[in-house]
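Results of the structural survey
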Amino acid sequence: SQQGEEDPQALSIQEGENATMNCSYKTSINNLQWYRQNSGRGLVHLILIRSNEREKHSGRLRVTLDTSKKSSSLLITASRAADTASYFCATDAGGGADGLTFGKGTHLIIQP
Amino acid sequence: GAGVSQSPRYKVAKRGQDVALRCDPISGHVSLFWYQQALGQGPEFLTYFQNEAQLDKSGLPSDRFFAERPEGSVSTLKIQRTQQEDSAVYLCASSLVWGNTEAFFGQGTRLTVV
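Residues numbered from 1 in each chain as written. Chains lettered and ligands numbered in written order. Predicted model: local features only at pLDDT ≥ 70, side-chain atom pairs only at ≥ 80, totals over all residues. Heavy atoms only, no water.

Here's the deal with the sheet that holds strand β8 (residues 75-79) of chain B
Residues and elements named next belong to chain B. Inclusion rule: Any two strands between which DSSP finds at least two bridges are classified as paired. The numbering of helices and of strands both runs from the N terminus, where a helix is a DSSP run of H or I of at least 4 residues and a strand a run of E of at least 2. Working convention: axes come from line fits to C-alpha atoms, limited for helices to the stretch in contact. Angles between N-to-C directions cover 0 to 180 degrees.
Strand order in this open sheet of four strands is β1-β3-β8-β7, and the pairing throughout is antiparallel. Whereas interior strands pair on both sides, the edge strands pair on one side only; in this sheet they are β1 (5-7) and β7 (65-68). Going across the sheet, the axis of each strand differs from the next one's by a mean of 15°, ignoring polarity. The sheet contact formed by β7 and β8 spans four bridges and is antiparallel. Bridging from a neighbouring strand, phenylalanine 65 pairs with isoleucine 79 of β8.

Section: the confidence of the model for chain A
Basically, it comes down to this: Per-residue confidence from the prediction method is given by pLDDT, with values spanning 0 to 100.
Across chain A, pLDDT averages 91, with 91% of residues at or above 70. Confidence, read as mean pLDDT per element, is least for strand β1 (residues 5-7) of chain A in chain A (82) and greatest for strand β7 (residues 61-66) of chain A (98).

Observations concerning unusual backbone geometry
Put simply, the test is: Accessible area is worked out with a 1.4 Å probe on protein chains only. A residue is then buried under 20% of its type maximum, exposed over 50%, and partly exposed in between.
Between aspartate 7 of chain A and proline 8 of chain A the backbone carries a cis peptide bond, its omega angle lying at 0°. Structurally, the position occupied by proline 8 of chain A is in the loop between β1 and β2 (10-14). Of the consecutive residues serine 7 of chain B and proline 8 of chain B, the connecting peptide bond is found in the cis state with omega at -10°. With respect to the helices and strands, the residue proline 8 of chain B is situated in the loop between β1 and β2 (10-13). Residue alanine 78 of chain A is not a glycine yet carries a positive backbone phi of 45°. Here alanine 78 of chain A falls in the partly exposed class, since its relative accessible area comes to 39%. In this structure, asparagine 51 of chain B is a non-glycine residue whose phi angle is positive, near 55°.

Considering the pattern of salt bridges
All names here are of chain A. We count it as follows: Should a side-chain nitrogen of Lys or Arg be within 4 Å of a carboxyl oxygen of Asp or Glu, the pair is scored as a salt bridge.
Applying the stated criterion to the full structure yields six salt bridges over all chains. Two residues, lysine 56 and glutamate 53, come together in a salt bridge whose shortest N-O distance is 4.0 Å. Relative accessible area serves as the criterion here: at 28%, lysine 56 is assigned to the partly exposed category. Classification of glutamate 53 as partly exposed rests on a relative accessible area of 25%.

So, the state of the cysteines
Residues and elements named next belong to chain B. We count it as follows: A pair of sulfur atoms, both from cysteines and within 2.5 Å, is called a disulfide here.
Enumeration over the complete set of coordinates arrives at two disulfides over all chains. A sulfur-sulfur distance of 1.9 Å marks the disulfide that ties cysteine 23 to cysteine 92. Judged by the sign of its S-S torsion, about -65°, the cystine formed by cysteine 23 and cysteine 92 is left-handed. Of this pair, cysteine 23 sits in strand β3 (residues 19-24) while cysteine 92 sits in strand β9 (residues 88-95); the two residues are 69 residues apart in sequence, bridging distant segments of the chain. By relative accessible area, cysteine 23 is classed as buried at 0%. A residue is classified by how much of its surface remains accessible, and cysteine 92, at 0% relative accessible area, is buried.

A few points about the sheet that holds β7 of chain A
One key point about sheets: their strands pair by backbone hydrogen bonds, in either a parallel or an antiparallel sense. Residues and elements named next belong to chain A. Taken in spatial order, the five strands make up an open sheet running β1-β3-β8-β7-β6, and their pairing is antiparallel. At either end of the open sheet lies a strand with only one pairing partner, and these are β1 and β6 (55-58). Direction aside, neighbouring strands of the sheet carry axes that sit 15° apart on average. In this sheet, β7 lies alongside β6 in antiparallel orientation, the contact comprising four bridges. For glutamate 55, the partnering residue across the bridge sits in β7 and is threonine 64.

Concerning the interface of chain B and chain A
Our working rule: Residue contacts follow a heavy-atom distance rule, with two residues in contact if any of their heavy atoms lie within 4.5 Å. Each of two parts loses accessible area, computed with a 1.4 Å probe, when they are put together; buried area is these two losses added. Put simply, Ala, Val, Leu, Ile, Met, Phe, Trp, Tyr, Cys and Pro go in the nonpolar bin, Asp, Glu, Lys and Arg in the charged bin, and everything else, Gly too, in the polar bin.
Chain B puts 23 residues into the contact, and the matching count from chain A is 23 residues. Between chain B and chain A the total buried area reaches about 1,800 Å² when both faces are included, carbon and sulfur atoms providing 49% of it. Linking chain B to chain A there are zero salt bridges. Of the residues contributing to the side of chain B that touches chain A, the split by class is 10 nonpolar, nine polar and four charged.

Here is the structure:
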């Protein structure tokens with residue numbers, strides 16, 4: 001079963017605009033990760049944020065985590081056509097040996 | 001190798017046939033995961049190996065699914081007597097250390113059962 005829910009399910013914006021995706025989850029976590037998946041390809045790790053962190057940056061990516069609301073957001077600034085992909089949040093409940101629990105993803109389309 | 005390699009990339013199986021999916025993780029990676037991704041969904045956890053030990057197989061949907069990693073490197077996911085609901089992309093991921101740190105995913109094997 002999927003733990004997380006990404007919102008929105010689909011998002012279409014113009015190149016150069018910022019894109020924000022949200023993720024909600026249900027149980028306590030050790031960390032939360034965001035992955036990107038291009039059509040027909042494997043997932044690429046973008047960023048990991050630990051449960052004791054509130055915000056993290058990596059290049060054009062900014063991730064926030066609110067453990068009290070069990071939610072996270074991914075912001076992509078100055079979007080590019082190459083950012084077109086599906087984005088998934090994945091939570092680690094801390095057991096270590098039980099894998100990541102993924103949401104259903106947000107499909108992002110960047111219009112040139 | 002440079003990344004996680006999975007083979008075959010595509011597999012069409014007749015219902016009832018057995019299939020074997022291979023994963024070559026990044027050399028030296030301790031952890032290896034298998035996930036199943038249905039169309040339009042996120043990946044779902046199947047099983048986890050730490051070196052050659054299968055520490056968790058709670059995500060395997062039935063006893064028709066079996067995974068092994070006998071020497072702590074290459075892993076094989078076997079599905080016996082395939083059924084149509086087994087149609088999905090099977091993803092393998094490896095990570096350097098134990099647990100859910102940054103995972104490197106292969107491109108997956110798309111299994112279609114007809």
